[in-house]
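# Tertiary structure, described
The primary structure of each chain is shown beneath.
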Amino acid sequence: ALYAASLAKGEPLIVIDRINHSRMQRGNYLALAKKYGYSTKIVWVNAPRHVCLQRIKARKDHPKLKVEDAEAALSVFYKGFQTPSKREADEIEVVGSPPEYVPVKDLTEEIGNRRFVIVGDIHGTVP
């Protein structure tokens, strides 16, 4: 409600300081901002997992997260994390080390016009 009211008032700069690890969560904020004519920027703080865990455990004033639940909470975050895409916002800034990606091999020339089946190993899925 406060976010929508700020957009409607035309506040010059609005920052969403929130964990939005999925495209759907980010999309809720981004779509509304674009509707009101704002330019959008995702700032992705890419910290190593061990640093994230250390920061969670050091925080004593969190209203919901207990220190002993830090590891499980971080695992849930990483399992559901979706890398921000340039299609989501007008700009993306990565703070920290650049994300590491697995190189993708283009098989177009090798396969040609033949029919083919590709079988992959999908981690973290539930049958």
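Residues numbered from 1 in each chain as written. Predicted model: local features only at pLDDT ≥ 70, side-chain atom pairs only at ≥ 80, totals over all residues. Heavy atoms only, no water.

## A look at the nonpolar core
- Judged by nonpolar contacts, Ala47, Val51, Cys52, Leu53, Ala70 and Leu74 together constitute the single largest core of six residues.
- Mapped by element, the contributors of at least two residues to this core are α3 (49–58) and α4 (70–80).
- The element contributing the most residues to this core is α3, with three residues.
- When near neighbours in sequence (up to four residues on either side) are disregarded, alanine 47 contacts Cys52, Arg55 and Tyr78. (Core = buried A, V, L, I, M, F, W, Y, C linked by side-chain atoms within 4.5 Å. Buried < 20%, exposed > 50% of the residue type's maximum accessible area, 1.4 Å probe, protein only. Helix = DSSP H or I, 4+ residues; strand = E, 2+ residues; numbered from the N terminus. Contact = heavy atoms within 4.5 Å.)

## Comments concerning the packing of aromatic side chains
- Under the definition given, this model contains four aromatic pairs.
- With a centroid separation of 5.1 Å and an interplanar angle of 75 degrees, the aromatic rings of tyrosine 3 and tyrosine 29 are classed as edge-to-face. Taken together, the residues tyrosine 3 in helix α1 (residues 2–9) and tyrosine 29 in helix α2 (residues 23–35) connect sequence positions 26 residues apart.
- A relative accessible area of 16% means that tyrosine 3 is categorised as buried.
- On the accessibility criterion, tyrosine 29 (24% relative accessible area) is partly exposed.
- On the numbers, 5.6 Å between centres and 40 degrees between planes, the contact of phenylalanine 77 with phenylalanine 81 is tilted.
- Take phenylalanine 77: its relative accessible area is 24%, and that puts it in the partly exposed class.
- What makes phenylalanine 81 partly exposed here is its relative accessible area of 25%.
- Connected via pairs of aromatic rings, a cluster forms that spans Trp44, Phe77, Tyr78 and Phe81. (Phe/Tyr/Trp six-rings, centres within 6.5 Å; stacked < 30°, edge-to-face > 60°.)

## A closer look at α2
- Here α2 is 13 residues long and its end C-alpha atoms lie 17 Å apart, about the 18 Å a rise of 1.5 Å per residue gives.
- Taken residue by residue, α2 has Arg26, Leu30 and Ala33 as its buried positions.
- Each element contacted by the buried residues of α2 is listed here: α1 and β1 (41–46).
- One or two steps after α2, the chain reaches glycine 37, where phi turns positive at roughly 85 degrees. (Expected span 1.5 Å × (residues − 1).)

## Observations concerning the packing of α1 against α2
- Contact pair α1 / α2: the axes reach a minimum separation of 10 Å and the direction vectors enclose 20 degrees. Between α1 and α2, the interaxial angle falls into the category roughly parallel. α2 is crossed by α1, and the crossing has right-handed handedness. In this structure, α1 uses Tyr3, Ala4 and Leu7 to contact α2, whose residues at the interface are Tyr29, Leu32 and Ala33. (Axes fitted to C-alpha atoms, helices over the stretch in contact; angles between N-to-C directions. Parallel < 35°, antiparallel > 145°, perpendicular 65-115°, else oblique. Left-handed = near helix turned anticlockwise from the far one by under 90°.)

## So, a nonpolar patch on the surface
- Side chains of Val43, Val45 and Val95 sit close together on the surface and give an oily, nonpolar patch of about 240 Å² of accessible area.
- With respect to the helices and strands, the residue valine 45 is situated in strand β1. (Patch = residues over 30% accessible without salt bridge, like charges linked within 9 Å, V, L, I, M, F, W, Y side chains within 5 Å. Areas by Shrake-Rupley, 256 points an atom, 1.4 Å probe, with all protein chains shown as cover. Salt bridge = Lys/Arg side-chain N within 4 Å of Asp/Glu carboxyl O.)

## Remarks on α1
- The complete set of buried residues in α1 reads Tyr3, Ser6 and Leu7. Mapping the buried residues of α1 onto a view down its axis gives an arc of 100 degrees, with all of them on the same face. The outward face of α1, more than 90 degrees from its buried face, is lined by the exposed residues Leu2, Ala8 and Lys9.
- On its buried side, α1 packs onto α2.
- Taken from the residues just after α1, glycine 10 is the one with a positive phi, measuring 80 degrees. (Arc of directions from axis to C-beta.)

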